[in-house]
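Understanding the architecture of this molecule
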Amino acid sequence: MSGAQAQTAAPEAPAAGQAAKPARQQAPAAQIRIGYIRWSVPYVTLSLSEMPSEDDGIAGARMGIEDNNTTGRFTRQEFLLETRNAETTEQAVAAAAELAAAGVSYIIADVPADTLLAVADAPTSANLLIFNVSAKEEALREEECRANVIHTSPSYSMLADGLAQYLVWKQWQRWFLLTGALPQDKLWAEALKRAALRFGAEIVEEREYQERDTARRTDTGHVQVQRQLPIFTQNAPDHDVVVVADESEIFGTYVPFRTWDPKPVAGSGGLIPTSWTPDHEQWGAYQMQNRFFALNRRGMRSRDANAWTAVRIIGEAATRAKTAETQPIIDYIRGPNLAIAAFKGTKLTIRDWNNQLRQPILLADGRSVASVSPQEGFLHEKTELDTLGYDEPETKCSF
């Protein structure tokens, strides 16, 4: 046989009785299952364009799952989302127990504050890590904090501080405060008053809007509002801005352009502090907004962003911990190295004293983002993000 023939000859067949070696197979991806409990009691907003979608929040979590699985294809990790609806606290606790029994270790909780605490305290939740994506109450981060609850939703104080920094930066330091009559309105108002005191603003007067319902869905609703709001805001002391605390959606949307004096409006109407808005486009957010719209045919709202961030925290920790095992992932989330890129200009981290996610606050007017807090000049010895909300020396949380 010539040299050329020897180089091109076919390899010999396996000897008789010698089996061919099977092709090497990859091990299946390890599954990481995340639960989502959604409060399904209808929520009505004053603005028709702001009415929440049926998949509000869940759509953000689903996009987070998709993003996690993009990386998971390389790390041999598969992320799955299981959703449950609840209309009562009992249903939410039962849903969490059902998810835990099915092997879920992480729960996205889109429920009211009292329900969140009941879920966190249930014996079946002892080994769960719960992410609060909607409840803003300060007590959840302070007196009623829980070690097994992470807050991706900003608190009332963070939102108030973000707004206050901008108003003070603008030299709008004299505030005319309008508050609603319901308990949630009072919580928001207290956060705004704390922020005013903290950053040197003055509340020249506080007035309570006594109505507990509106005629917003009637043909003559706008006529009534146009007559009521100027009278309600008449004869106020000299002020720079009207600040509104209407968490219950009774009147806040109606305040801009209807006050007695021609003043800017902020808070629950006009310039609104939020964790996310469909109009945010800086730091790569434009691409994120486009992806979200392509998936859901609507804009991404704050609850979507809070849920997306929670899912991405789990995905990032799983990637860094290089495992699908629950405890190492939780340990990484609780550790000092977790940092999330969330299209807000800086890495987001978790405050170890109350489990609150540090994050900038967007100030939006319904068409664009007017500014982002923390504002220039508001300094902190560790990170300017800790000028938003309760800082470590102020906390009442004890895990």
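Anyway, here's the lowdown on the structure attached to this text. Per chain, residue numbering runs from 1 following the sequence as it is written. Predicted model: local features are reported for residues with pLDDT of at least 70 only, side-chain atom pairs are reported and counted for 80 or more only, and whole-chain, interface and lining totals are derived from all residues. Hydrogens and water molecules were not included; the side-chain quantities draw on all heavy atoms of the structure.

Description of the overall build of the chain
The number of helices and strands found in the chain is ten helices and 14 strands. Categorising residues by exposure relies on relative accessible area from a 1.4 Å probe, with only protein chains included: less than 20% of the type maximum marks a residue as buried, more than 50% marks it as exposed, and the intermediate range marks it as partly exposed. Going through the 399 residues of the chain one by one, you find that 49% of them count as buried. Note on areas: Shrake-Rupley with a 1.4 Å probe; residue coverage comes only from the protein chains shown. If you sum the accessible surface of the chain, you get close to 19,500 Å²; carbon and sulfur atoms cover 50% of it. Counted as positive: Lys and Arg. Counted as negative: Asp and Glu, with His and the chain ends omitted from the count. Where a charge lies is defined by one atom per residue type: Lys uses NZ, Arg uses CZ, Asp uses CG and Glu uses CD. Of the charged side chains in the chain, 40 are positive and 51 negative, and the gap between their average positions amounts to 5 Å. Elements are defined by DSSP. Helices are runs of H or I of four residues or more, strands are runs of E of two residues or more, and each kind is numbered from the N terminus.

Considerations on the pattern of salt bridges
Salt-bridge detection follows one rule: a side-chain nitrogen of Lys or Arg within 4 Å of a carboxyl oxygen of Asp or Glu. Overall, the coordinates contain 26 salt bridges when judged by the stated rule. Between Glu82 and Arg84 there is a salt bridge, with the nearest N and O atoms lying 3.7 Å from each other. On the accessibility criterion, Glu82 (16% relative accessible area) is buried. Ionic pairing is found between Asp386 and Arg351, a salt bridge with its closest N-O pair at 2.8 Å. Here Arg351 lies in the loop between strand S12 (347-348) and strand S13 (361-364) and Asp386 lies in the segment after strand S14 (369-373), a separation of 35 residues in the sequence. With respect to burial, Asp386 and Arg351 carry one shared label: buried.

Observations regarding the layout of surface pockets
Gaps left between atoms are located by rolling a probe of water-molecule size over the structure's atoms. Using a grid of 1 Å spacing that covers the protein atoms alone, one calls a set of points a cavity when a 1.4 Å probe fits there but cannot get out, and a pocket when the set is open and has protein on both sides within 12 Å along at least five of seven lines; lining residues are those with an atom within 4 Å of a point. Grid points are joined across faces, edges and corners, and a volume is the space filled by probe spheres set on the points. Estimated volume of the second largest pocket: approximately 310 Å³. Taken together, 18 residues line the second largest pocket, and the ones lying closest to its centre are Arg334, Gly335, Ile350, Arg351 and Asp352. Class assignment of the residues belonging to the lining of the second largest pocket gives a composition of seven nonpolar, four polar and seven charged. Classification used: nonpolar for Ala, Val, Leu, Ile, Met, Phe, Trp, Tyr, Cys and Pro, charged for Asp, Glu, Lys and Arg, polar for all others including Gly.

Topic: empty space enclosed by the protein
Enumeration over the complete set of coordinates arrives at one cavity of 30 Å³ or more. By volume, the largest cavity amounts to about 90 Å³. Here the residues of the lining of the largest cavity sort into eight nonpolar, five polar and one charged.

What to know about helix H3 (residues 89-101)
Compared with the 18 Å implied by 1.5 Å per residue over 13 residues, the 18 Å span of H3 between its first and last C-alpha is a close match. Buried within H3 we find Ala92, Ala95, Ala96 and Leu99. For H3, the buried positions fall inside an angular range of 100 degrees around the axis, keeping them on one side. Among the exposed residues of H3, those oriented more than 90 degrees off its buried face are Glu90 and Ala101. Two residues qualify as a contact provided that any one of their heavy atoms is within 4.5 Å of a heavy atom in the partner residue. Where the residues of H3 are buried, they touch strand S1 (30-39), strand S2 (77-86), strand S3 (106-110) and helix H4 (113-121). One or two positions beyond H3, positive phi appears at Gly103, with a value near 100 degrees. A helix is expected to span 1.5 Å multiplied by its residue count minus one. Throughout, the arc means that of the directions going from the helix axis to the C-beta atoms.

Considerations on the packing of helix H2 (residues 58-75) against helix H8 (residues 285-296)
At a closest axis distance of 11 Å, the pairing of H2 and H8 adopts a crossing angle of 110 degrees. With respect to each other, H2 and H8 are oriented roughly perpendicular. Packed against H2, whose contacting residues are Ala59, Gly60, Met63, Glu66 and Asp67, the element H8 presents Met288, Arg291, Phe292, Leu295 and Asn296 at the interface. When its residues are assigned to classes, the contact of H2 with H8 shows five nonpolar, two polar and three charged. Comment: axis = line fitted to C-alpha atoms, over the contacting stretch for helices; angle = value between 0 and 180 degrees taken between N-to-C directions. Roughly parallel means an angle under 35 degrees; roughly antiparallel means over 145; roughly perpendicular covers 65 to 115; every other angle is labelled oblique.

So, the packing of aromatic side chains
Only the six-membered ring of Trp is used, alongside the rings of Phe and Tyr, when aromatic pairs are assigned; centres must lie within 6.5 Å, and planes under 30 degrees apart are stacked while those over 60 apart are edge-to-face, with the rest tilted. This structure, assessed with the given rule, holds seven aromatic pairs. Aromatic rings pair up to connect Tyr209, Phe232 and Phe251 into one cluster.

Examining the sheet that holds S14
In a beta sheet, neighbouring strands pair by backbone hydrogen bonds and run either parallel or antiparallel. If DSSP finds at least two bridges between two strands, the strands pair. Strand order in the open sheet formed by three strands is S10-S13-S14, and the pairing between neighbours is antiparallel. Bordering the open sheet on either side are strand S10 (272-274) and S14, each of which pairs with just one other strand. With direction set aside, neighbouring strand axes in the sheet form an average angle of 25 degrees. Pairing analysis gives four bridges linking S13 to S14, with the strands arranged antiparallel. Following the sheet pairing, Ala364 is matched in S14 by Val369. The sheet strands contacting helix H5 (residues 156-169) are S10, S13 and S14, and the helix crosses S13 at an angle near 60 degrees.

Observations concerning the state of the cysteines
Note on disulfides: each one is a pair of cysteine sulfur atoms within 2.5 Å. Throughout the structure, instances matching the rule amount to one disulfide. Disulfide pairing is shown between Cys145 and Cys397; the S-S distance is 2.1 Å. An S-S torsion of about 95 degrees defines the bridge between Cys145 and Cys397 as right-handed. Highlighted residues: Cys145 in the loop between strand S4 (129-132) and strand S5 (149-151) and Cys397 in the segment after S14, separated in sequence by 252 residues. Judged by its relative accessible area of 8%, Cys145 is buried.

Here's the deal with the environment of Ala122
Here Ala122 is to be found in the loop between H4 and S4. For Ala122, a relative accessible area of 10% corresponds to the buried category.

Section: the nonpolar core
For soluble globular proteins, the rule of thumb is that nonpolar side chains tend to be buried together. To define a nonpolar core, start from buried Ala, Val, Leu, Ile, Met, Phe, Trp, Tyr and Cys residues and group those joined through side-chain atoms within 4.5 Å. Residues Ile34, Tyr106, Ile108, Phe131, Met300, Ile313 and Ile333 are the most contacted members of the largest nonpolar core, which totals 38 residues. Looking at this core, the elements that each hand over two or more residues are S1, H2, S3, S4, H8, helix H9 (302-321) and helix H10 (326-334). The element that contributes the greatest number of residues to this core is H9, accounting for nine residues. For Met300, the residues in contact, after removing those within four places along its chain, are Met63, Trp276, Thr277, Pro278, Met288, Gln289, Phe292, Ala305 and Trp308.

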